[in-house]
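So the chains spell out like this:
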Amino acid sequence: MQVGIGLPNAVPGATGRGLIEWARRADQAGFSSLGSIGAVSYPSYEELTVFAAAGAVTERIRFFTNVLIAPPRSAAELAKQAATVDQLTNGRLTLGLGVGWRESDFLLTGRDFDGRGAAFDEMLPALYRSWRGEALDPAARPASPPPVQSPIPVMIGGTTQAAIRRVVDHGAGWTAGGLPPDAVSEFATKVRTAWQAAGRDGEPYITALVYFGLGDTEQQSRESVLDYYKPMGDDVAQMIAGSVLRSAEAIQGAIQAYEATGAHELIFAPTVSAVDQVDLLANVVFG
């Protein structure tokens, strides 16, 4: 199982220079991917923009939106943005996409919250058409530059039957978000079974995510998580804040537990923006 690290693009206190230095250190440390989370209606740094800049200071690390909320954007916009980043990073982008749960994201972008699932279903095949150089409207020219990868890998988030269908029909795999290991194992089995039944070659790529905050950062870490998940309600936000891994033993235990689920990659998402978190995590993961 590969181990990646998230960017603190949605962590209070992050700066542009700090995000770029974070990416540089993560690349040098040996992490497999740089992940991101994001919401239009939260004061986070837009993930694809950050990845484009981070590509200039890194050489091998992949970039993984985990997840980008897709329906508030148009297919043409997202296809163009993703292809641009894939070119600028020489084919190192993976798009993790989900329907989203913040109604405010849709209000701010003038999109229909209740229809987000149907919009996502229409968007997924359109992305691939655009990357192949096809026009998305008969009256328009093809709008996306060609990506380096053919196509850009798309990971699907969510824990519904619709999410399984989207993985099988359009995805390279499933991203579990912050689910615990037993839940990842159970749902990943369903994804693999559906994948095989559909006659897809190989196996779906499975990723998971956990939050971490090392050193004397517990208060800052908790406040960060509580602020981001406030719209879910206090009980849920407190539960997520309480799940943050804060010791070397907890991190090593998580690696073992998620590896046992058959996951291919585990992303450690930060809850503190200080760049020394990269070094602290690397010391635990890689020794």
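Everything in this summary refers to the structure shown in the same document.

## A few points about the pattern of salt bridges
Should the charged atoms of two oppositely charged side chains come close, the side chains can pair. All chains considered together, the criterion is met by 11 salt bridges. When the shortest N-O distance is used, the salt bridge between Arg25 and Asp279 registers 2.6 Å. With Arg25 in helix α1 (residues 16-29) and Asp279 in helix α11 (residues 276-286), the pair connects residues that are 254 residues apart, well separated along the chain. We classify Arg25 as partly exposed; its relative accessible area is 23%. Here the salt bridges share partners, and the residues they tie into one network are Glu21, Arg24, Arg25 and Asp279.

## Here's the deal with the nonpolar core
Phe31, Leu97, Trp131 and Phe268 are the most contacted members of the largest nonpolar core, which has 67 residues in total. Looking at this core element by element, the count peaks at 7 residues for helix α5 (residues 116-131). Apart from the residues lying within four places of it in its own chain, the contact partners of Leu97 are Val67, Leu68, Ala70, Leu78, Phe120, Leu124, Leu127, Val154, Met155, Ile156 and Gly157. Within the second largest apolar cluster, 14 residues are counted, among which are Ala39, Ile240, Ala241 and Ala269.

## Describing unusual backbone geometry
What you tend to see is this: most non-glycine residues have negative phi, and most peptide bonds are trans. Residues Asn66 and Val67 are joined by a peptide bond in cis, for which omega reads 5 degrees. Examined against the element boundaries, Val67 turns out to sit in strand β3 (residues 62-69). The peptide bond linking Ser150 to Pro151 adopts the cis configuration, its omega dihedral lying at 0 degrees. Take Pro151: it is sitting in the loop between α5 and β5 (154-157). One non-glycine residue, Asn90, lies in the positive phi region at around 55 degrees.

Definitions and cut-offs
- Residues numbered from 1 in each chain as written.
- Predicted model: local features only at pLDDT ≥ 70, side-chain atom pairs only at ≥ 80, totals over all residues.
- Heavy atoms only, no water.
- Salt bridge = Lys/Arg side-chain N within 4 Å of Asp/Glu carboxyl O.
- Helix = DSSP H or I, 4+ residues; strand = E, 2+ residues; numbered from the N terminus.
- Buried < 20%, exposed > 50% of the residue type's maximum accessible area, 1.4 Å probe, protein only.
- Core = buried A, V, L, I, M, F, W, Y, C linked by side-chain atoms within 4.5 Å.
- Contact = heavy atoms within 4.5 Å.

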